[in-house]
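# Structural overview for review
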Amino acid sequence: MPAAKPVRLGVNVLASGRHDAAWKTLPDAAGLSSDIDAFIRIAKVAERGKIDALFLADGPGGLVDEAFHRPWRALDPITLLSALSQVTERIGLVATTSTIFGHPYVVARQIATLDHISKGRAAWNIITSQSPVALAAYGLDQGFDQEERYRRASEFAEIVTGLWDSLPNAAIVADHARNVFVDEQALRPIDIQGKHFRTKGSLSAPVGPQGRPVIFQAGQSEDSKAFGARYADALFTGQRVIEGGRKFYADVKALARSNGRNADDLLVMPGLFPIVGGTEQEALRRKADLDAGLDLDFLHGELARHFALDPDDLPLDEPLPFARIEAAEPRVPIASRWPRKQILSEAVTYGWTARQAALSNIIGGHRMVVGAPEQIAADILHWIDTGAADGFNLNIDVQTSGLEDIVDHVIPILQKAGRFRTDYTGQTLRHHLGLAHYVDPRDAEPVRHVGTAA
Ligand SMILES: Cc1cc2nc3c(=O)[nH]c(=O)nc-3n(C[C@H](O)[C@H](O)[C@H](O)COP(=O)(O)O)c2cc1C
């Protein structure tokens, strides 16, 4: 029988936590969005829990909508992770940047730099989003349609990955006698003249400790799956219902295989929003206490916005009008597509009212599970053992108390079951995630067949 799969866990780092009213329970919430000490505290607790990675999602430009209602993560992810790399030793560091804005050279250089300064713990999380506020921030009048968005993303990824391979360490000869430091002949410059981006030459940073930084990708559409199965090592996705999770998992693993990849080299990590208590009752009480601080009018409005309807179309205590919601689908903005699909999948499964839907983490979008540590651990293992996930990106309800509950009460159960590390066994994020050190195929050992001449 094959060994049970290890659980992969990331922490989606949000200033006050995922619960939209978490900030009301915290002192000094006004300063949280840009408080380096608060992020250091989160990083240290996560590393104490031997968690695979800190995951920094991001709004690519402009003040995010979230900021009008709760603390947001105001600090640039790459700069923040660079600082966190110096106060942690092992935990992975995942930085989100978009393929819509800026030039891929900059991203290749920044992530390569993070990989060097963290000694092999960096990952790039690719997003393709183009919110109106970000478009405005970058002076763009309009975004790209779906096909063009992914064509642009592919060019972006080709350039970033090509640049990451372009200055092999073997090229740094430091040869005193010949007065040569970098051997130009050993470089692997790229020359990509695309529709969206053009570049020529080599990166200014050498190949890093992982061979290549890890690549995550966040998305959900069919185009996103095809893109991720080609370029990513791990997919961050939103899945609220296990059947949908299994379908996504099977689809992307099949796509990876059809690209000639080993399906185990593409990890699937949906978001998960656990609310933990000593007992199920305590967890439900924690959730009820937090929910009491929510702004229901705002959430009702956001639910309507996800469905491209008016709040009056969604009376709070009536079942959701599914036919009307379906009819409005063509008007749904891109940013609402994935949360809409996920909220609907759960609402249809459980026959929710608008109130139940509005209170189901519609801003964060991810599946909520409320219970005792044993229940949370069992849920995680059930998804992994029935082909719906390789691990989860945890959205912590309140930082850092919720993370401490996971680290001190849920992770020990997974460890006891032999499904989660009791200590880090390697230095790099690739190692933590069970991914091989990356070797440029041009340097790979040729396959020798038994019985043939060398
Ligand atoms: C789980 C998940 C996480 C995402 N995280 C971000 C993010 O941090 N910042 C962002 O601007 N967009 C984010 N996105 C949006 C995606 O990059 C993409 O724009 C969106 O999914 C629409 O594209 P698609 O319909 O092709 O999936 C996320 C999407 C998903 C599914």
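Residues numbered from 1 in each chain as written. Predicted model: local features only at pLDDT ≥ 70, side-chain atom pairs only at ≥ 80, totals over all residues. Heavy atoms only, no water.

## Brief notes about the packing of helix H13 (residues 373-385) against helix H14 (residues 401-416)
- The interhelical angle for the contact between H13 and H14, taken along N-to-C directions, is 50 degrees, at an axis separation of 9 Å. When the axis of H13 is compared with that of H14, the two are oblique. In this structure, H13 crosses over H14, and the sense of that crossing is right-handed. Facing H13, whose interface residues are Pro 373, Glu 374, Ile 376, Ala 377 and Leu 381, H14 presents His 409, Val 410, Ile 413 and Leu 414.
- Tallied by class, residues from the contact of H13 with H14 come to seven nonpolar, one polar and one charged. (Axes fitted to C-alpha atoms, helices over the stretch in contact; angles between N-to-C directions. Helix = DSSP H or I, 4+ residues; strand = E, 2+ residues; numbered from the N terminus. Parallel < 35°, antiparallel > 145°, perpendicular 65-115°, else oblique. Left-handed = near helix turned anticlockwise from the far one by under 90°. Contact = heavy atoms within 4.5 Å. Nonpolar A, V, L, I, M, F, W, Y, C, P; charged D, E, K, R; others polar.)

## A short note on the site of the ligand
- Taken together, 20 residues lie near the ligand, and Asp 58, Ser 129, Tyr 150, Gln 220 and Ser 221 sit nearest.
- At a separation of 2.7 Å, an oxygen atom of the ligand approaches a polar backbone atom of Gln 220.
- Protein contact buries 90% of the 610 Å² of open area that the ligand shows by itself.
- Broken down by secondary-structure element, the contributors of at least two residues to the shell around the ligand are helix H5 (146-164), strand S10 (234-237) and helix H11 (334-350).
- It is H5 that contributes the most residues to the shell around the ligand, three residues altogether.
- Taken together, the residues that form the shell around the ligand break down as eight nonpolar, ten polar and two charged. (Near = heavy atom within 4 Å. Polar contact = N/O pair within 3.5 Å; in protein donor to acceptor, adjacent residues only side chain to side chain. Areas by Shrake-Rupley, 256 points an atom, 1.4 Å probe, with all protein chains shown as cover.)

## Topic: the packing of aromatic side chains
- Applying the stated criterion across every chain, the model contains ten aromatic pairs.
- Considering the side-chain rings of Phe 101 and Tyr 138, the 4.5 Å spacing of their centres and the 15 degrees angle between planes classify their relative orientation as stacked. One end of the pair, Phe 101, is in the loop between strand S3 (92-98) and helix H3 (104-117); the other, Tyr 138, is in the loop between helix H4 (132-137) and H5, and 37 residues separate them in sequence.
- The buried category is assigned to Phe 101, whose relative accessible area is 8%.
- The partly exposed category is assigned to Tyr 138, whose relative accessible area is 44%.
- Judged by centre distance (5.8 Å) and plane angle (35 degrees), the rings of Trp 124 and Phe 156 are tilted. Residue Trp 124 is found in strand S4 (residues 122-127), and its partner Phe 156 is found in helix H5; the two are separated by 32 residues along the sequence. (Phe/Tyr/Trp six-rings, centres within 6.5 Å; stacked < 30°, edge-to-face > 60°. Buried < 20%, exposed > 50% of the residue type's maximum accessible area, 1.4 Å probe, protein only.)

## Some remarks on the environment of Gly 391
- Within the element layout of this structure, Gly 391 appears in strand S13 (residues 391-394).
- It is 25 Å that separates the C-alpha atoms of Gly 391 and Ser 82, two residues lying 309 residues apart in sequence.
- When near neighbours in sequence (up to four residues on either side) are disregarded, Gly 391 contacts Arg 8, Val 268, Met 269, Pro 270 and Ile 384.

## Some details on the UniProt feature "binding site: FMN" (unreviewed entry) in the protein
- Under the UniProt annotation, "binding site: FMN" (unreviewed entry) lies at Asp 58, Thr 96, Tyr 150 and Ser 221.
- As for its placement among the helices and strands, Asp 58 is situated in the loop between strand S2 (53-56) and helix H2 (77-85).
- Each residue touching Asp 58, except ones within four places of it in the same chain, is listed here: Arg 73, Pro 77, Thr 96 and Ile 127.
- Of note is the side chain of Asp 58, whose polar atom sits 3.3 Å from the side chain of Arg 73.
- In this fold, Tyr 150 is placed in helix H5.
- The residues contacting Tyr 150, other than those within four sequence positions of it, are Thr 128, Gln 217, Ser 221, Asp 223, Ser 224 and Phe 227. (UniProt positions renumbered as here; feature names shortened; annotations may be inferred.)

## Let's talk about the UniProt feature "domain: Luciferase-like" (unreviewed entry) in the protein
- Summarizing the sequence annotation, UniProt attributes the feature "domain: Luciferase-like" (unreviewed entry) to residues 33-388 in the numbering used throughout.
- As annotated, residues 33-388 has a helix share of 43% and a strand share of 16%, and its two end C-alpha atoms lie 33 Å apart.

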